[in-house]
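# Results of the structural survey
Here is what each chain is made of, one letter per residue.
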Amino acid sequence: MSAGEHGEVIGQPFRCEEHDVADVLADLGRYTVCVNDPPWSSLAGRVAPPVQVVPAWDMDIDHLEQVAARPDDAEVVVGLGGGTALDTAKFLAWRRDLPLVQVPTITSVDAGFTDAIGVRVEGKVRYIGKIEPRLVVLALPLVRSAPKRLHRAGIGDILSCHTGLYDWRLATDAGHGHPWHAGLAALGATLLDELEAAADEVAAVSDAGGRFLAD
């Protein structure tokens, strides 16, 4: 959370906690889970069985509407995997008006930490709504079990601040786009400094590196 140029709060972080996935799912009651596989098949035998397992592979809006229309009596929707699983879970929870729990299993995407619901309409990405998760679960052993490149790639969203800040200032000076916001710009610059300090931990795929990217 960071202070803006007029003292307002920028970005209320979601509730993110470190837990064992099996413990979290055992406490949810009836849940539908949207998954990527791996890692779902390695977890399925040791977690509480869901009402429905939704393999996440197609973000087309028509496909998602068909999935959302399938009847089940789940009380919560869980996203477990990478971007497609997390965004599919967002859509189902939003469409069914159910609580959402997100379990990102790679740190190369920020879908588990954002509220926008990304789908595809006629092959193009569209954002059609927003939903905040009740909880984001950071399961570090699960994250570390993914290919190392899918952990390290998480620096991309932070590195984009480097060119993004330059482009934003250039556009503002030319009278285009969103006005420059000193508080947000300072947040971007701070993230870049923090990334430089954490780079070795991210490269090592350590717990500290995973916590940094999630934070």
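Structure's up top.
Read on for a plain summary of the structure. (Residues numbered from 1 in each chain as written. Predicted model: local features only at pLDDT ≥ 70, side-chain atom pairs only at ≥ 80, totals over all residues. Heavy atoms only, no water.)

### Structural notes on the sheet that holds strand 4 (residues 31–35)
Put simply, the rule is: By definition, two strands form a pair when at least two bridges between them are found by DSSP. Secondary structure elements are taken from DSSP: a helix is a run of H or I of four residues or more, a strand is a run of E of two residues or more, and numbering for both begins at the N terminus. Orientation is described by axes fitted as lines to C-alpha atoms, over the contacting stretch for helices, and by angles from 0 to 180 degrees between their N-to-C directions. A contact between two residues is defined here by any heavy atoms of the two lying within 4.5 Å.
Strands sit in the order 3-10-7-6-4-5 across an open sheet of 6 strands; the sheet is parallel. Of all the strands in the sheet, the pair left with one neighbour each is strand 3 (16–18) and strand 5 (52–55). Between one strand axis and the next, the sheet turns by 20 degrees as a mean value, whatever way the strands run. Along the sheet face, helix 4 (residues 83–96) touches strand 4, strand 5, strand 6 (76–81) and strand 7 (100–104) and points at about 170 degrees away from the line of strand 6.

### Some words on the state of the cysteines
Operational definition: Throughout, a disulfide means two cysteine sulfur atoms within 2.5 Å of one another. Three exposure classes are used, based on accessible area relative to the maximum for each residue type with a 1.4 Å probe and protein chains only: buried under 20%, partly exposed in between, and exposed over 50%.
Counting across every chain of the model gives 0 disulfides. Free of any disulfide, Cys34 has its nearest neighbouring cysteine sulfur in Cys16, separated by 19 Å. Exposure remark for Cys34: the relative accessible area of 0% places this residue in the buried category. Residue Cys161 stays outside any disulfide, its sulfur separated by 19 Å from that of Cys16, the closest cysteine. Given the relative accessible area of 17%, Cys161 is considered buried.

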